[in-house]
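Structural overview for review
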Amino acid sequence: MRLLVLSDLHANLTALEASLEAAKGSWERVVCLGDVVGYGPDPNEVSTRIRELGAATIRGNHDKAVADLMSTEDFNPVAKMAVNWTRAQLSNENMDWLAALPQGPLEAEGVVLVHGAFQDEDEYVFTPSQALEGLLDSSLPITFYGHTHHQGGFAYQDSQLEVLQVHPRENEMRCALRVEDQKRYLLNPGSVGQPRDSDPRASFAIADREHQVVEFWRVPYDIEKVQERMRNARLPEPLAHRLSLGR
Ligand code: ZN
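Treat the numbers as computed from the prediction; the structure is a model and nothing was measured.

Here we come to the pattern of salt bridges. Going through the model one piece at a time under the given rule, you end up with 20 salt bridges. Across the pair E109 and R29 runs a salt bridge, and its minimum N-O distance is 2.9 Å. Of this pair, E109 sits in the loop between β4 (106–108) and β5 (111–113) while R29 sits in strand β2 (residues 29–32), placing them 80 residues apart in sequence. With a relative accessible area of 25%, E109 lands in the partly exposed category. Owing to a relative accessible area of 40%, R29 belongs among the partly exposed residues under this scheme.

Right, let's get into a negative patch on the surface. Taken together, the side chains of D120, E123, E133 and D137 make up a negatively charged region of the molecular surface. As for its position among the elements, E123 is in the loop between β5 and α6 (128–137).

A few words now on the pairing of strand β7 (residues 152–157). With five of six residues buried, β7 lies mostly within the body of the structure. Relative to strand β10 (residues 184–188), β7 is paired through five bridges, and the arrangement is antiparallel. Bridge pairing links A155 to Y185 in β10. Relative to strand β8 (residues 160–164), β7 runs antiparallel, the two sharing five bridges.

Within this structure, the stated rule accounts for two cavities of 30 Å³ or more. By volume, the largest cavity is sized at about 50 Å³. Surrounding the largest cavity, H10, N12, Y39, G40, P41, G193, Q194, V226, M230, L239 and L243 form its lining. Elements with a contribution of two residues or more to the lining of the largest cavity: α7 (223–232) and α8 (237–245). For the lining of the largest cavity, the class distribution of residues is six nonpolar, five polar and no charged. Approximately 30 Å³ is the volume found for the second largest cavity. When contributions to the lining of the second largest cavity are tallied by element, the ones reaching two or more residues are β11 (202–208) and β12 (213–219).

Attention shifts here to the packing of α7 against α8. One way to put it is that α7 packs onto α8 with a least axis distance of 9 Å and a crossing angle of 180 degrees. Classed by the angle they form, the pair α7 and α8 counts as roughly antiparallel. For the pair α7 and α8, the contacting residues are I223, V226, Q227, M230 and R231 in the first and E237, L239, A240, H241, L243 and S244 in the second.

Here we take up the sheet that holds β8. Ordered in space as β4-β5-β6-β10-β7-β8, the six strands form an open sheet in which the pairing is mixed. With one partner strand each, in any of the chains shown, β4 and β8 form the two edges of the open sheet. In this sheet, neighbouring strand axes are inclined to one another by 25 degrees on average, regardless of whether the strands run parallel or antiparallel. Bridge count for β5 against strand β6 (residues 142–144) is two bridges, and the pairing is parallel. Following the sheet pairing, L113 is matched in β6 by F144. Contacting β7, β8 and β10, α6 crosses the sheet at an angle of about 60 degrees to β7.

Cut-off values and rules
Residues numbered from 1 in each chain as written. Predicted model: local features only at pLDDT ≥ 70, side-chain atom pairs only at ≥ 80, totals over all residues. Heavy atoms only, no water. Salt bridge = Lys/Arg side-chain N within 4 Å of Asp/Glu carboxyl O. Helix = DSSP H or I, 4+ residues; strand = E, 2+ residues; numbered from the N terminus. Buried < 20%, exposed > 50% of the residue type's maximum accessible area, 1.4 Å probe, protein only. Patch = residues over 30% accessible without salt bridge, like charges linked within 9 Å, V, L, I, M, F, W, Y side chains within 5 Å. Areas by Shrake-Rupley, 256 points an atom, 1.4 Å probe, with all protein chains shown as cover. Lys, Arg positive; Asp, Glu negative; His and termini not counted. Charge placed at Lys NZ, Arg CZ, Asp CG, Glu CD. Pairing = 2+ DSSP bridges. 1 Å grid on protein atoms, 1.4 Å probe; cavity = no way out; pocket = protein on both sides within 12 Å on 5 of 7 lines; lining within 4 Å. Points joined across faces, edges and corners; volume = space filled by probe spheres on them. Nonpolar A, V, L, I, M, F, W, Y, C, P; charged D, E, K, R; others polar. Axes fitted to C-alpha atoms, helices over the stretch in contact; angles between N-to-C directions. Parallel < 35°, antiparallel > 145°, perpendicular 65-115°, else oblique. Contact = heavy atoms within 4.5 Å.

By themselves these figures say nothing about function.
What follows is the structure in structure tokens.
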């Protein structure tokens, strides 16, 4: 079974559609690591699309904030503005769906899903020491996480922790990681809708369980089209600008 792993879509429908088009026919099931909404111009369209795909989905911090399940005190002013804008746009149906999303860790399709760190959905995992907890404590060998918007990951075996380099090159769309039976993995598919690892292309992963491979993908999309919708919606300019930078 090939599993499409999406994270941090951030209401960017153009990036989501480009990703689904690129991966068309090469997956059977889909999971989502949260932050379906927040920042981007298409919160209803992206929520509806994820629901249609039947993706096992956990909540992210932006989903929580929009659904009023956490305070936006720690959000920067720009993120806070986007939360308020998103609340005003969302249909009741999509708002109810967001509010009911489960918290990670969640076992789904043979892997574990978390939004941020294993023990705290709002914490970031950037360093090996931050990754260790998830590598050791997760109930299954492969755990997917998001939140940082950085594609990458960690592997663990016999007290050795390895930082994985899995970014596709500029002229390539994917990079394959061979999964070894003895190792445990904490893997980040990157962000579909707002990448921050200096590559502006939409980012996701496909886990091929049968062949023991995880593919990390990067797909170009029409960034200007999204920026135009953001400007028309009067979303904060820095949010539009950062999409071109991939930061
Ligand atoms: Zn996010």
